[in-house]
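Results of the structural survey
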Amino acid sequence: MIKNYLTTTVRNILKRKGFSLLNIAGLAIGLSACLLILQYVKDELSYDDFHTQADRIYRVQFDAYRNGERIFECATAFPKVAPMMIADFPEVEDATRLYLRYGGGVVRYEEISMKEDNLFQAEQNFFSIFSYPLLSGEAKLDQPNTAIIEEETARKYFGVTDPVGKRIRFGDQEEYEITGVMQSPENSHLKFTFLLSYPTLVTLYGEGFNNAWGWYDFYNYVLLKPGSDAKALEAKFPAFIDKHGSDPNNPSVIKASERTKFILQPLSSIHLYSDLIQEARVNGNGRTVYFLMIIAFFILVIAWVNYINLSTARAVERAKEVGIRKVIGAHKGQLIGQFLAESLLINLAASIVGIALLYLAIPAFNQLADKHLTFSIFFDINLWLSLVALFVIGSLLSGLYPAFILSAYQPARVLKGSMKGSQDGLVLRKSLVVFQFIASVALIAGTLIVYNQLKFMENRELGIDIDQTIVINAPGVVDFDSLYGNYLEVYRNTLASYPEVKNFTAVSEVPGNLIFWTNGAQRIGDDESQRNQMYIMGVDYNFFTTFNNKVLAGRTYAHEFTGDSSSVVLNAKAVEVFNLKTPENALGQFIRIGGDTLRIVGVVDNYHQEGLKQDFRPTAFRLQQNARSYFCVKVETEHLDRALGFLQAEYTKVFPNNPFDYFFLDSFFNRQYKNERQFGSVFGFFAVLAILVASLGLFGLASFTASQRTKEIGIRKVMGASVPLIFVLLSKDFLRLVVFANLVAIPLVWYVMNRWLDSFAFRIEIGAWIFIVAAVVTTLVALITVSYQSLKAALINPVKSLRYE
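First, a word on scope: everything that follows refers to the structure included in this document. (Residues numbered from 1 in each chain as written. Predicted model: local features only at pLDDT ≥ 70, side-chain atom pairs only at ≥ 80, totals over all residues. Heavy atoms only, no water.)

By the criterion of burial, strand 14 (residues 469-473) is predominantly enclosed, with 5 of the 5 residues buried. Both faces of strand 14 are covered, namely the face carrying Thr469, Val471 and Asn473 and the face carrying Ile470 and Ile472. Alignment of strand 14 against strand 23 (residues 630-635), held across 5 bridges, turns out to be antiparallel. Bridging across to strand 23, Thr469 finds its partner in Lys634. Alignment of strand 14 against strand 24 (residues 662-664), held across 3 bridges, turns out to be antiparallel. Considered in strand 24, the bridge of Val471 is made with Phe663. (Buried < 20%, exposed > 50% of the residue type's maximum accessible area, 1.4 Å probe, protein only. Helix = DSSP H or I, 4+ residues; strand = E, 2+ residues; numbered from the N terminus. Pairing = 2+ DSSP bridges.)

Pasting the structure below:
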């Protein structure tokens, strides 16, 4: 029986090669696309799952409030939090702190010196909470000036030599002995090059900093005891905050728990669902992952719908076969088995082709999505389990309905030639075509919206001029630290004499980065409840002219004003937040930032320090003539190579022992949109695949419809119908379905994509033209797909048409 099924199945597939190829191609593309997306999703969901205690690890999120309104949400908190949680809460098994050396620094070993980022100061118990693989040496950071080096970083400095016991220098004064080598897996929200010992901070800042409640630059992680309830623990935090954060000598001051809230973030949710200030690295986006899962579902369902559509459409053609089989004794179960065997064989062929397409697509997909999928996924049992599951589900879903429809035909009616396609079957096929094009319209419109939001962000006026700007990482090593200002002045003056250099400024931060230098601030005369967070930028005299900031009131810094070290320039957002009313009204008023009382001498317009996902932040620009984080150089780009050569040569002369690291500011700024750019590329790529798969099915369905109406077309031509009239006759039913699909899809897309756009502080409005373009594209695709078969049928000789069957 099985042999008979297979023989008949192969004959039917070979007899209808075009029909079979359309089905196999559509299913193969759908399967490979789905498997590719599932691998992407698996990679995104795997972040931090290599930690053996991941389900019990939480990060303490710090939210700041003023008058009941949340001011910001932060990934870091105070250094006092972790040890006090161990002391106060029996649910906490352990807690540890990390301190990011923001901006990195120059690391030297013998003659090698390189700028490194992602350097963290870590406590010894970091290793009892997290499970980063130790490759050599010991996980030991309990003594000052010891360090763990990451595996790839170790190769840069030491090659194949074991670095354990070697000593490196960080910056001017710090020296560390390497105690171990660790892996820092890519799929982690914490990616480090060096882990420096936390006790070193005590030697740098003194023991008192550990009790700080206000310096919120420390990542605090807690390990809960098995069975502990994180939500129940969170409920105890207000009392904890009041205990450790309030001033006992000033009870009239607002309670600390009304200004500060702590939230426990599960480790497993940080990568996809955390977008706070001071994140350790750029995280992913859970919404993007689930969008892609929906796309994978759409593409696969479209492919299955194609098979169902074409199989049921061919039902009348195979009716006589069913009738004869029933007359000679075949019962319904055997017929169902026959048609399911065909479905299984076609899905098996599609699975084989799909795996081949997946193999070919991995390199291109990695480039498109900036992923690191390797061919080792083919040795992952989960891939094959997914394939088997999709194969079985697809075979059953796409095979059962046609099998039941075909096996239910009555032999007497079939053999009399009175069998026609049922109205129910026609309605189902139309419904499935509508579903395909709803998905296609949604994907096209969604792609256009993502693309336009990205273009809007990349092309919007930032409020400053970042074009033609080269940024040099300022030196981390200066032989005589007290003379740094002299060295900087030499470099500044040398560049000023070079014709290709238009402007030079030394700053503590550059556009495109979050400003990490923050402090509490309030206008003099306001009470403590008006205290708010101020973001602080260290700038020199040339900053505002270099970036062409718009001055709203007052002035910026100038050499002739000798008292500017006690002055401050604010942005418009700070004027708003600190109740200064207007830029003009702010001039001459005093504001306390941290422990400094400063006179406001100028107000500049807001500009986008970060990407357009973030709103403007209140910012104070403080005069810091010898800022040593970044040098920003405006250059003439006509002779860019020559200018770069000059910048490097002079830099090396003035700051010898420091690598010349630079980047272009406009490219650096736009890197913030990396996730959105990748999402748009991946979204668009799979949208094209979905339309391709839908078109394959529509092509097959149009072919069948034309063949079913062959005699009708012949009669119409004999009666005088023109070729355009017949073309319209055969095309209009499909075009109606496409128009209906557009009407259904447009409100759905508008709702979903508006929700996505709401995550941006600055966003586009969804214009009608987007839906018009999506409608025109899907209509053209449908028209082009159907037109070949329609024209072919319309042009056929009516004599041949009337002889048909």
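It is worth spelling out the nonpolar core at this point. Grouped together as the largest cluster of nonpolar side chains are 163 residues, with contacts concentrated most on Met85, Phe262, Met534 and Phe686. Looking at which element gives the most residues to this core, the answer is helix 11 (residues 286-313), with 16 residues. Setting aside its immediate chain neighbours within four residues, Met534 contacts Trp517, Thr518, Asn519, Ala521, Leu570, Ala574, Phe578, Ile591, Ile593, Pro618, Thr619 and Ala620. Ranked by size, the runner-up nonpolar core spans 25 residues in total, among them Ala54, Phe192, Tyr221 and Ile270. (Core = buried A, V, L, I, M, F, W, Y, C linked by side-chain atoms within 4.5 Å. Contact = heavy atoms within 4.5 Å.)

Attention shifts here to the pattern of salt bridges. Scanning the entire structure with this criterion turns up 32 salt bridges. Residue Glu279 is joined to Arg59 by a salt bridge in which the shortest nitrogen-to-oxygen separation is 3.1 Å. A residue pair is termed long-range when its members are at least 10 positions apart, and Glu279 in the loop between helix 10 (267-273) and helix 11 and Arg59 in strand 1 (residues 57-66) qualify at 220 residues. You'll find Glu279 and Arg59 in the same group, each marked buried. Three or more residues are tied together by salt bridges with common partners; here these are Arg167, Arg169, Glu175 and Glu177. (Salt bridge = Lys/Arg side-chain N within 4 Å of Asp/Glu carboxyl O.)

Moving on to the side chain of Gln265. With respect to the element layout, Gln265 can be found in strand 13 (residues 260-266). One polar contact links Gln265 to Ser274, side chain to side chain, over a distance of 2.9 Å. Excluding residues that lie within four positions of it along the chain, Gln265 makes contacts with Ile57, Tyr58, Arg59, Gln61, Ile270, Ser274 and Leu276. (Polar contact = N/O pair within 3.5 Å; in protein donor to acceptor, adjacent residues only side chain to side chain.)

Secondary-structure assignment places Lys674 in helix 23 (residues 674-708). Sequence spacing of Lys674 and Ala369 is 305 residues, and the spatial spacing of their C-alpha atoms is 9.5 Å.

In terms of burial, strand 10 (residues 174-182) is a largely internal element, 7 of the 9 residues being buried. Pairing analysis gives 3 bridges linking strand 7 (residues 134-137) to strand 10, with the strands arranged antiparallel. The residue of strand 10 that forms the bridge with Leu134 is Met182. Here 5 bridges tie strand 8 (residues 146-150) to strand 10, and the two strands are oriented parallel to one another. Looking at strand 10, one finds that Ala147 is bridged to Ile178. Pairing of strand 9 (residues 167-170) with strand 10 involves 4 bridges; the strand directions are antiparallel.

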